[in-house]
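Next come the chains, spelled out residue by residue.
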Amino acid sequence: MDFNVKKLASDAGVFFTRAVQFTEEKLGQAEKTELDPHLENLITRADCTKNWTEKILKQTEVLLQPNPIDHTGARIEEFIYDKLDKKLPSRTTNAELLGQYMLEAAIEFGPETPYGKTLITVGEYQKRLGGAEREFLHTSAATFLSPLRNFLEGDWRTISKERRLLENRRLDLDICKARLKKAKQAEAKAALLSEEVDKAEHELRVAQTEFDRQAEVTRLLLEGISSTHLNHLRCLQDFAEAQATYYAQCHHYMQDLQRELNRCANAVSAPHSSASVCPNPVSPAFLSGPASSGATIPSSSSSSQKPVTLAMEQSQLPITGARKARVLYDYDAHDTSELSLLADELITVYTVPGMDPDWLIGERGNEKGKVPVTYLELLS
């Protein structure tokens, strides 16, 4: 093997000398050159940035992917593709997988049966939710996780390397200071010639120059942390926007799903059929409202009597006329014919001839529009 023995021995000697200096400083037996206060503040700020970036990155990964060691081996797959410098293929989300199972189950039970139709409806919306989740994960990884990871694996490694080099230059400087001090003490006792002092002074000047140069390089890198903060700020805004878009999509899909289930319940309900043939999306609080005096509701205590269907109950509500209702959930109007609602507010509701039984006319002051019955609790 071809290597320079003299250089190897020299490097080993320098390492040993620095180790001795470092140990003596820790024991209080040697003087230590203190860094400029501004540089010390920059180092502290950089360390804080690095530590919190690591914590935020790891916790965001947990938020986006709660179970890294699952049957998909997701994190392991990401690691392998990252090392191979290849794009990670799009994975099926849990919601998409659930939707697929529901669609397959509907085929087994019969797609024309009430249960099969409902499975198909819910399954399709689960796949939509899964698609929205996949898009959110992709956007978050590109706009938030990657910049944070790039800082830790790129900029921070460079900063750490230059800081280690600065620490070595400081140790060399303090070693030269100690040598000069000893040379002057020996010269005073006439034990050394003036050439030794001159040599020590020259080495000190060289070490001081190298230390100052490295301190400036390190300072410039550390001052770049401010730019890092600005970049992470923009990434954080992008992440919040992606999160808001994702949750808004989920909310919209679930509202549509609720309407689909409501229409499903009304379509399959008939005077001779049970209301249990299709899921009932209407709030129990709404169904508990008083019925018309002209209709008779079978008692639930008798097992021989069938419960009234959803369509029958809703057809009885208009007879009560205008009445107060409490809003159960927030609702955003989809067009000008609808009225937006806020949870727990009180409004006046009534029906008009020929109106869809899933909707009522709601009034709040001078505002008026259609409101879904599933969002209301009628008050006596």
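First things first, this report covers the structure right here in the doc. (Residues numbered from 1 in each chain as written. Predicted model: local features only at pLDDT ≥ 70, side-chain atom pairs only at ≥ 80, totals over all residues. Heavy atoms only, no water.)

**Topic: the overall build of the protein**
For step 1, the next point in the chain: Scanning the protein for helices and strands turns up 9 helices and 5 strands.
For step 2, the next point in the chain: The linear arrangement of helices and strands in the protein, starting from the amino end, is α-α-α-α-α-α-α-α-α-β-β-β-β-β.
For step 3, the next point in the chain: Within the protein, buried positions represent 34% of all 380 residues.
For step 4, the next point in the chain: Just so you have it, the protein exposes about 23600 Å², and 56% of that area is on carbon and sulfur atoms. (Helix = DSSP H or I, 4+ residues; strand = E, 2+ residues; numbered from the N terminus. Buried < 20%, exposed > 50% of the residue type's maximum accessible area, 1.4 Å probe, protein only. Areas by Shrake-Rupley, 256 points an atom, 1.4 Å probe, with all protein chains shown as cover.)

**What about the side chain of R18?**
For step 1, the next point in the chain: Following the sequence through the fold, R18 ends up in helix α1 (residues 5–26).
For step 2, the next point in the chain: Taking the relative accessible area as the measure of exposure, R18 reaches 19% and is therefore buried.
For step 3, the next point in the chain: Among residues more than four places away in sequence, those in contact with R18 are N168, R169, L171, D172 and I175. (Contact = heavy atoms within 4.5 Å.)

**Remarks on the sheet that holds strand β3 (residues 359–364)**
Consider a sheet: its strands pair through backbone hydrogen bonds, and that pairing is either parallel or antiparallel.
For step 1, the next point in the chain: With respect to topology, 5 strands assemble into an open sheet ordered β4-β3-β2-β1-β5, the strand pairing being antiparallel. Edge positions in the sheet fall to β4 (367–372) and β5 (376–378), since each of these pairs with one other strand and no more. The sheet shows a mean angle of 40° between the axes of neighbouring strands, direction not considered.
For step 2, the next point in the chain: Inspection of the sheet shows strand β1 (residues 323–327) paired to β5 by 3 bridges, in the antiparallel sense. When the sheet's bridge partners are listed, A325 is paired in β5 with L378. (Pairing = 2+ DSSP bridges. Axes fitted to C-alpha atoms, helices over the stretch in contact; angles between N-to-C directions.)

**With respect to the nonpolar core**
For step 1, the next point in the chain: With 35 residues, the main nonpolar core has L35, L39, F136, F144, L166 and L222 as its most contacted residues.
For step 2, the next point in the chain: Of all the secondary structure elements, the ones that give two or more residues to this core are α2 (37–64), α5 (114–188), α6 (194–223) and α7 (225–268).
For step 3, the next point in the chain: Per-element tally for this core: the top contributor is α5, with 15 residues.
For step 4, the next point in the chain: The residues contacting F144, other than those within four sequence positions of it, are I56, T60, T139, C235, L236 and F239. (Core = buried A, V, L, I, M, F, W, Y, C linked by side-chain atoms within 4.5 Å.)

**Some words on the pairing of β1**
For step 1, the next point in the chain: Every second residue of β1 is oriented toward a common face, the buried set being R323, A325 and V327 and the non-buried set K324 and R326.
For step 2, the next point in the chain: Where β1 meets strand β2 (residues 346–350), 4 bridges bridge the pair, whose relative direction is antiparallel. Looking at the pairing, K324 lines up with T348 of β2.

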